[in-house]
Amino acid sequence: MTAPMTTGLTQQLAAAVDALRRVTVRVQASGTAASGAGVLWDAGGGDDSRPLVITNAHVATRAQATIQFDDGAVTQARVVARDRRRDLAALELEARTAGGGVAQVRGAPPLQIGELVIAIGHPGELTGAATLGIVHTAGGERAGRTPPWIRADLRLAPGFSGGPLADAGGRLIGINTLMQGGLALAVPAALVQSWLQRAQAPAAP
Amino acid sequence: MTTLLESLSNELATAVEAGGRAVVAIHARRRIPASGVHWRQGVIVATNHTINRDENITVTLPDGTTAPATLAGRDPSTDLAVLRLAGQSVATAHLRLDSSPSVGEFVIALGRPGPRLTASWGVVSSVAGAWRTWRGGAIDSLLRLDVSIYDGFSGGPLIDATGRVLGINSSGLARGTAVAIPVATVERTVGELLERGTIRRAYLGIGTQPVRVPQSLARRLELKNTVGLLIASVESGGPADRDGVLLGDVLLALDGADVSDPTDVLAQLGGDRVGRPIAALVIRGGQLQTLQVTPGERPERRAA
């Protein structure tokens, strides 16, 4: 038999995972053994600016972290913003040694229940592992508001924390953060954006 | 350009959206509401084990409004409950009646454990023939699912990739594993519950336990089936007691069908058996004997 549909799907899934891996890093807080994942995020400073690394606050527990890129290159990074309540941290890279590329964030349309989602992480000894699931529930408590969490029917293992949750087009929709009641919870990318804007605003004198 | 992967994603979301239009939340227990399906106009189907009270039931409709519903009947044996919803315009479920699910088929379990719809996905992991639940309910086929169970799973619909309903999900029938009660069983049970409020079942008033008949006795009596059911209790004044079944009898067959497990007895006790004598083959005092027993109608919460 031939299965053109499934074959095509499999190839496209593999391609989407490959693309996501290139914007996913391993984050290891200095002086700790535990590591998580992180996402290369456009810092908004033009072509020559270094991207930020976005991860969970519970992954970047120290002021410094070691960042390992998909190609194996390693550099150091400094935490520039951390929010334990939102469980987010932003790190600035000391050097950009990898080939470039940042996660493409999905702005619109809003997430629909049942959409396919892909998560990338580094569980155990594995690097760049992928899991596939669907959006379990979407929509805020009140219409028009970004919900605090995206809930996905997806299995995350330790090591996925801080990594990307992406849609079927490979666009970033959230930062994987925890499992609760058998569901994966991710911080929506829109909340990361607004958090970053506030965190990077110049401090009041 | 839209890739296959994106098309699949869109189709899944569309199926969820279509199927979700008939999924309601039922407020009939503490804490988390249960899911239900608007099965026919004005009729909601849910799982019995998630409906904890008979009165003061409200439902949250897909548009977010709340309406009162009344319990039309429940059937613990198949874990189904039926509610009536008056005067609301809600989409009814689109049932898939023409073909049964296949092993490996993509399926989505929907729920509404609150105002928002939820979805989990997976595949049908096995399809087997008719079976009987631990409470004696007859279910047309055993649909086991490789789908995670979340809050709101039970009572929600299992839908196919086009949004058509394959059954009602329940985690209360097979030791906490995910199964779906097929559409045919739901249709039959809904019909009967709407008509009578309960599922009529015959009963004998006996408690049984499987026993192996000693080889010598089995040889002497020329038995083919060497496992029978020891009558371990007889309800005083019940149908079996009235018709002369004694404690210690070993039941071998009912209406010509061998019985070697208590569920075999349940299988003979459908609603149509009430008031019609059946032949019970027993061993009593080392001899075979046939008794005529007439099942009565089972009161609530009695098994056989």
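Cut-offs applied
- Residues numbered from 1 in each chain as written.
- Chains lettered and ligands numbered in written order.
- Predicted model: local features only at pLDDT ≥ 70, side-chain atom pairs only at ≥ 80, totals over all residues.
- Helix = DSSP H or I, 4+ residues; strand = E, 2+ residues; numbered from the N terminus.
- Buried ≥ 20, exposed ≤ 12 C-beta atoms within 10 Å, placed from the backbone.
- Contact = placed C-beta atoms within 7 Å.
- Domains from an automatic or database assignment.
- Nonpolar A, V, L, I, M, F, W, Y, C, P; charged D, E, K, R; others polar.
- Core = buried A, V, L, I, M, F, W, Y, C linked by C-beta atoms within 7 Å.
- Pairing = 2+ DSSP bridges.
- Axes fitted to C-alpha atoms, helices over the stretch in contact; angles between N-to-C directions.
- Parallel < 35°, antiparallel > 145°, perpendicular 65-115°, else oblique.
- Expected span 1.5 Å × (residues − 1).
- Arc of directions from axis to C-beta.

This next bit is on the overall build of chain B. In terms of helices and strands, chain B carries five helices and 22 strands. Seen along its three principal axes, the alpha-carbon backbone of chain B occupies a region of about 80 × 45 × 30 Å. Taken across its 304 residues, chain B has 44% of its residues classed as buried. Sequence-distant contacts, at least 24 apart, represent 62% of the contacts inside chain B between residues at least 6 apart.

Many authors give the size of an interface as the accessible area that is lost as the parts come together. Parsing chain A into structural domains produces domain 1 (6-93) and domain 2 (116-195). Per-class residue counts for the side of domain 1 of chain A that touches domain 2 of chain A are eleven nonpolar, seven polar and six charged.

What follows covers the domain arrangement of chain B. Domain boundaries assigned for chain B yield domain 1 (4-196) and domain 2 (202-297). Spacing between the C-alpha centres of domain 1 of chain B and domain 2 of chain B amounts to 37 Å.

Attention now moves to the nonpolar core. Within the largest apolar cluster, 117 residues are counted, with the highest numbers of intra-cluster contacts made by Val53 and Val117 of chain A. Residue contacts for Val117 of chain A: discarding those within four places in its chain leaves Gly133, Ile134, Val135, Ala152, Leu154, Leu165, Ala166, Asp167 and Ile173 of chain A. Grouped together as the second largest cluster of nonpolar side chains are 24 residues, Ala202, Val245, Val259 and Leu269 of chain B included.

Let's shift gears to the sheet that holds strand S5 (residues 66-75) of chain B. Residue and element names in this part refer to chain B. A barrel is described by the order of its strands in space; here six strands give the closed sequence S1-S2-S3-S6-S5-S4, paired in antiparallel fashion. Strand after strand, the sheet turns through a mean of 40 degrees between neighbouring axes, direction not considered. One ladder, built from six bridges, connects S5 with strand S6 (residues 80-85); its direction is antiparallel. Counterpart to Leu71 in the pairing with S6 is Leu83.

For the rest of this paragraph, the subject is unusual backbone geometry. Residue and element names in this part refer to chain A. Look at the link from Ala108 to Pro109: it is a cis peptide, with omega at -10 degrees. Residue position: Pro109 is located in the loop between strand S6 (88-93) and strand S7 (116-121). Its identity as a non-glycine residue notwithstanding, Asp87 has a phi of 55 degrees, on the positive side. Checked against the element boundaries, Asp87 lands in the loop between strand S5 (74-83) and S6.

A few words now on the interface of chain B and chain A. Tallying the contact residues gives 21 residues for chain B and 22 residues for chain A. Broken down by secondary-structure element, the contributors of at least two residues to the side of chain B that touches chain A are helix H1 (4-20) and strand S8 (118-128) of chain B. Here the element with the most residues in the side of chain B that touches chain A is H1 of chain B; it accounts for ten residues.

Below, the discussion takes up the sheet that holds strand S9 (residues 150-153) of chain A. Ordered by their spatial adjacency, six strands build a closed barrel running S7-S8-S9-S12-S11-S10 (chain A), and the pairing between neighbours is antiparallel. Taking each pair of neighbouring strands and ignoring which way they run, the sheet shows an average axis angle of 45 degrees. Of the pairings in the sheet, the one linking S7 of chain A to strand S8 (residues 129-137) of chain A comprises six bridges and is antiparallel in character. Following the sheet pairing, Ile120 of chain A is matched in S8 of chain A by Ala130 of chain A. Along the sheet face, helix H2 (residues 189-200) of chain A touches strand S11 (172-180) and strand S12 (183-188) of chain A and points at about 35 degrees away from the line of S12 of chain A. Sheet strands in contact with H1 of chain B are S7, S8 and strand S10 (164-167) of chain A, and its direction is about 120 degrees off that of S7 of chain A.

Next up on the list: the pairing of S12 of chain A. Residue and element names in this part refer to chain A. Among the six residues that make up S12, six are buried, leaving the element largely enclosed by the rest of the structure. For S9 and S12, the ladder comprises three bridges, and the chain directions are antiparallel. Within S12, the position partnered with Ala152 by the bridge is Ala184. The pairing of S11 with S12 spans six bridges and is classified as antiparallel. Bridged to Gly174 within S12 is Pro188. Between S11 and S12, which pair antiparallel one after the other, the connecting turn spans two residues, and Gly181 there sits at a positive phi close to 55 degrees.

This next bit is on the packing of helix H1 (residues 4-22) of chain A against H1 of chain B. The contact between H1 of chain A and H1 of chain B brings their axes to 8 Å, and the two run at 100 degrees. Relative to H1 of chain B, H1 of chain A is oriented roughly perpendicular. Counting all contacts with H1 of chain A, which are made through Met5, Gly8, Leu9, Gln12, Leu13 and Ala16 of chain A, the residues of H1 of chain B involved are Leu4, Leu5 and Leu8 of chain B. Residues of the contact of H1 of chain A with H1 of chain B, tallied by class, amount to seven nonpolar, two polar and no charged.

In this section: helix H2 (residues 183-196) of chain B. Residues and elements named next belong to chain B. With 14 residues, H2 ought to run about 20 Å at 1.5 Å a step, and its terminal C-alpha atoms sit 20 Å apart, in line with that. All of the buried residues along H2 are Val183, Thr185, Val186, Thr189, Val190 and Leu193. The arc enclosing the buried residues of H2, seen along the axis, measures out at 145 degrees, which places them on a common side. Looking at H2, the residues exposed on the side facing more than 90 degrees away from the buried face are Gly191, Glu195 and Arg196.

Let us now look at the environment of Arg220 of chain B. Position of Arg220 of chain B relative to the elements: it lies in helix H3 (residues 215-220). A C-alpha to C-alpha distance of 53 Å links Arg220 of chain B and Ala72 of chain B, two positions 148 residues apart in sequence.

With that out of the way, let us pick up the environment of Arg135 of chain B. All names here are of chain B. Topologically, Arg135 is positioned in the loop between strand S9 (131-132) and strand S10 (138-139). When the C-alpha atoms of Arg135 and Gln292 are compared, they prove to be 25 Å apart, with 157 residues separating the residues in sequence. Residues within four places of Arg135 in sequence aside, it is in contact with Pro76 and Ser77.

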